[in-house]
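# Residue-level structure breakdown
Spelled out from the first residue to the last, the chains are:
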Amino acid sequence: PCLTLPTQADLSTCLKQLLGAEPELRSEKGNLPKDLDAFYVSLIVDANEREVGAILFDLPAGAELGGRMLGLPAQTIAEQAQGEPNADLLDAMNEVVNNLGGFVNRANPELRTRVRPLEKLSSADHGWLPKNVGRLGSTTKSGGRLWLTTR
């Protein structure tokens, strides 16, 4: 099955609804970064559990988006972006992913998908990611990176 990605405008709308403010994203062109070890991934799977896409973000993007959703002060978000996210922030990052998954479903009315919980990504995992068919990349105002990909 071929997954259609939401548009950049849909991505901004989704995040604006979650954050209650503009997410201030810049579109990022080109391929995924070569080193994905700094990223968290949520696989997008179809009804048969086949991986059809993924949502990836690095810790700075996850901390910024999840932290803003939680209403954390900028200083706390910056601190969380430096290490491992605490349980509350990881829950908020997963909530961002769940909402993005809803927009993926809207872009694919004939293909029922769901997102799996975030996990730390290793470049050895999910070897199809660097060879993805389609991608939508964004950079947050603090320089974090968010990607949606299709297999």
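For the structure, check the block above.
A brief structural summary. (Residues numbered from 1 in each chain as written. Predicted model: local features only at pLDDT ≥ 70, side-chain atom pairs only at ≥ 80, totals over all residues. Heavy atoms only, no water.)

## Re the packing of aromatic side chains
Under the counting rule described, the total for this entry stands at zero aromatic pairs. The residue whose ring lies beneath R106 is F103, and the NZ or CZ to ring-centre distance is 4.3 Å. (Phe/Tyr/Trp six-rings, centres within 6.5 Å; stacked < 30°, edge-to-face > 60°. Lys NZ or Arg CZ within 6 Å of the ring centre and 35° of its normal.)

## Considerations on the packing of helix α1 (residues 8-19) against helix α2 (residues 59-70)
Remark: α1 packs on α2, axes separated minimally by 8 Å, with the N-to-C direction vectors making an angle of 40°. By the angle between their directions, the pair α1 and α2 is classed as oblique. Contacts between α1 and α2 involve L15, L18 and L19 on the former and, on the latter, L65, R68 and M69. A breakdown of the residues in the contact of α1 with α2 according to their chemical character gives five nonpolar, no polar and one charged. (Axes fitted to C-alpha atoms, helices over the stretch in contact; angles between N-to-C directions. Helix = DSSP H or I, 4+ residues; strand = E, 2+ residues; numbered from the N terminus. Parallel < 35°, antiparallel > 145°, perpendicular 65-115°, else oblique. Contact = heavy atoms within 4.5 Å. Nonpolar A, V, L, I, M, F, W, Y, C, P; charged D, E, K, R; others polar.)

## A look at the pattern of salt bridges
The final tally for this structure, using the stated rule, is eight salt bridges. Put simply, K16 and E22 hold a salt bridge, and the shortest N to O gap is 3.2 Å. Residue K16 is classed as partly exposed on the basis of its relative accessible area, which comes to 41%. Notably, a salt bridge pairs D46 with R50, separated by 2.8 Å at the nearest N-O pair. Under the relative-accessibility criterion, D46 is labelled buried at 3%. (Salt bridge = Lys/Arg side-chain N within 4 Å of Asp/Glu carboxyl O. Buried < 20%, exposed > 50% of the residue type's maximum accessible area, 1.4 Å probe, protein only.)

## Quick word on the nonpolar core
L11, L15, I55, F57, L146 and L148 are the most contacted members of the largest nonpolar core, which totals 32 residues. Elements supplying a minimum of two residues to this core: α1, β2 (39-46), β3 (51-58), α2, α4 (87-107) and β7 (145-150). Per-element tally for this core: the top contributor is α4, with seven residues. Apart from residues no more than four positions distant in its own chain, L146 is found in contact with L11, L15, I55, L56, F57, A61, L65, L100, L136, G137 and S138. Judged by nonpolar contacts, the second largest core, of eleven residues, contains L32, F39, A54 and L56. (Core = buried A, V, L, I, M, F, W, Y, C linked by side-chain atoms within 4.5 Å.)

## A look at unusual backbone geometry
You will see that E24, though not glycine, has its phi angle at about 55°, which is positive. Looking at the secondary structure, you find E24 in the loop between α1 and β1 (26-28). The backbone phi angle of E49 is positive, close to 65°, even though this residue is not glycine. For E49, the position within the fold is in the loop between β2 and β3.

Keep in mind that these numbers describe shape and distance, not what the molecule does.
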